[in-house]
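# Observations on chain architecture
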Amino acid sequence: MNKFSDLYQRIISATAGAAIIVSSLIIGEWAYFAVFLTISLLAQWEFYRLIKLQSYLPIRLLGVAIGGGLFILSFFVARGSLNANFYFIIFPIASLIFLIKLYKKNDNNPFLNIALFYLGLTYVALPFALMNVVVHYHGWYSYEILLGLMLIIWASDTGAYFAGIRFGKRKLFERISPKKSWEGAIGGALTAVAFSIVISRYSTGLAMWQWIIVSLIVVIAGTYGDLVESMFKRTMQIKDSGTSIPGHGGFLDRFDSLILAVPFIVVFLKLF
């Protein structure tokens, strides 16, 4: 991949990744389950690995195991195979971190590491688990809403990228992300809204006004999700969260918009 420019790397990686995600959604719920569970686990592992680079000790194996368990549990609850009372299992298991830290003699900041442990669950694992609510929104597996959400995010990112390159002058949040511009953000917003209208003409999952609201949530929450992840990388003093996806960095780099947008979209779908 080194012989390709950054743009070509982004295009090739994005195309391959999109093909895998779209195929898994269309094939069926078990293909979706396998692919998104894998992405969730890799994103969590990446998060805890970055935390550990700064000599913190969040117990990543336990964090990834609980996060994966939360995804699996939410999947079966959302599809109606398990009672929602099974969610209570998570609490005593997640509390094991306190006992583990109690016996860790080499941990000089146990409560800081405990906080980082729970941050990995709330920041990464929970949004992926909430995707199961989206795909079972109608009471059965349906890929339309999540696929539409992914397409809107990709359209927004693409519109923001090219609008920023062509017209970008005014910095959006220079302290956190010097390359992002207001022109890019506006280009991404217009692309997202336009794409949501097109999707509404072919999808029966949501009404047009709902798709437009979803696109606005994606633009606002997705932009802040990108900035939050940039802030996280600055705190960790790194450029990218990983090198797993050529041209895009790591899984957190690629899914940062989705991570922050999904909780707001679930609330919107449930309330309206």
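Below: a short report on this structure. (Residues numbered from 1 in each chain as written. Predicted model: local features only at pLDDT ≥ 70, side-chain atom pairs only at ≥ 80, totals over all residues. Heavy atoms only, no water.)

### Section: the overall build of the protein
Secondary structure assignment for the protein yields 10 helices and 2 strands. Its C-alpha atoms put the protein at 55 × 45 × 35 Å along the principal axes. Every one of the 272 residues in the protein was classed for burial, and the buried ones make up 44%. The contacts of the protein with a sequence gap of at least 6 include a subset with a gap of at least 24, amounting to 67%. Accessible surface, the protein: about 14,200 Å² in total, of which carbon and sulfur atoms supply 67%. Of note, the protein has its 22 positive side-chain charges centred 3 Å away from the centre of its 13 negative side-chain charges. (Helix = DSSP H or I, 4+ residues; strand = E, 2+ residues; numbered from the N terminus. Buried < 20%, exposed > 50% of the residue type's maximum accessible area, 1.4 Å probe, protein only. Contact = heavy atoms within 4.5 Å. Areas by Shrake-Rupley, 256 points an atom, 1.4 Å probe, with all protein chains shown as cover. Lys, Arg positive; Asp, Glu negative; His and termini not counted. Charge placed at Lys NZ, Arg CZ, Asp CG, Glu CD.)

### Describing the pairing of strand 2 (residues 177-181)
Every regular strand shows the same layout, with side chains that alternate between the two sheet faces. Sheet topology places strand 1 (residues 171-173) next to strand 2; 2 bridges connect them, and they run antiparallel. Within the sheet, the bridge partner assigned to F173 lies in strand 2 and is S177. The hairpin formed by strand 1 and strand 2 contains 3 residues between the paired strands. (Pairing = 2+ DSSP bridges.)

### As for the pattern of salt bridges
Here the structure, examined in full by the defined rule, presents 5 salt bridges. K101 serves as the salt-bridge partner of D107, at 2.6 Å between the closest nitrogen and oxygen. Accessibility expressed as a relative area gives 8% for D107, which makes it buried. Among the salt bridges present, the one from D226 reaches K180, with a minimum N-O distance of 2.8 Å. (Salt bridge = Lys/Arg side-chain N within 4 Å of Asp/Glu carboxyl O.)

### Quick notes on unusual backbone geometry
For S55, which is not glycine, the phi dihedral falls at a positive 70 degrees. One can find S55 in the loop between helix 2 (29-53) and helix 3 (60-78).

### Re the packing of aromatic side chains
For any pair of aromatic rings, geometry is given as the distance between the ring centres together with the angle between the planes. Under the defined criterion, the tally for this structure stands at 23 aromatic pairs. Relative to F232, the ring of F47 lies with its centre 5.2 Å away and its plane at 20 degrees, an arrangement referred to as stacked. Placement of the pair is F47 in helix 2 and F232 in helix 9 (residues 208-236), with a sequence separation of 185 residues. Across the pair, F232 and F47 agree in class, each one buried. Ring geometry for F75 against F76: centres 5.3 Å apart, planes inclined by 85 degrees, an arrangement best described as edge-to-face. Overall, F75 belongs to the buried group, its relative accessible area being 0%. Since its relative accessible area comes to 23%, F76 is described here as partly exposed. Grouped by ring-pair contacts, the aromatic residues W30, Y32, F33, F36, F71, F75, F76 and Y141 constitute a single cluster. (Phe/Tyr/Trp six-rings, centres within 6.5 Å; stacked < 30°, edge-to-face > 60°.)

### Section: helix 6 (residues 110-135)
Along an α-helix, a turn takes 3.6 residues, which lines up residues three or four apart on a common side. The terminal C-alpha atoms of helix 6, which comprises 26 residues, lie 38 Å apart, in line with the 38 Å expected from a rise of 1.5 Å per residue. The axis of helix 6 is deflected most strongly, by about 40 degrees, at A125, and proline P127 appears within four residues downstream. (Expected span 1.5 Å × (residues − 1). Bend = angle between axes of the 7 residues up to and from the residue.)

### Section: the environment of Y202
For Y202, the position within the fold is in helix 8 (residues 182-202). Here the alpha-carbon distance between Y202 and E144, two residues 58 residues apart in the chain, equals 9.8 Å.

### A short note on the side chain of E183
Note on placement: E183 falls in helix 8. With sequence-adjacent residues up to four places away left out, E183 is seen in contact with A163, F167, G168, K169 and R170.

### Section: the nonpolar core
Counting 65 residues, the largest nonpolar core has Y32, F128, L146 and L149 as its most contacted members. Considering each element in turn, this core owes the most residues, 12 residues, to helix 6. Setting aside residues no more than four positions away along its own chain, Y32 makes contact with S24, L25, L37, F71, F75, M131, N132, V135, Y141 and L146. (Core = buried A, V, L, I, M, F, W, Y, C linked by side-chain atoms within 4.5 Å.)

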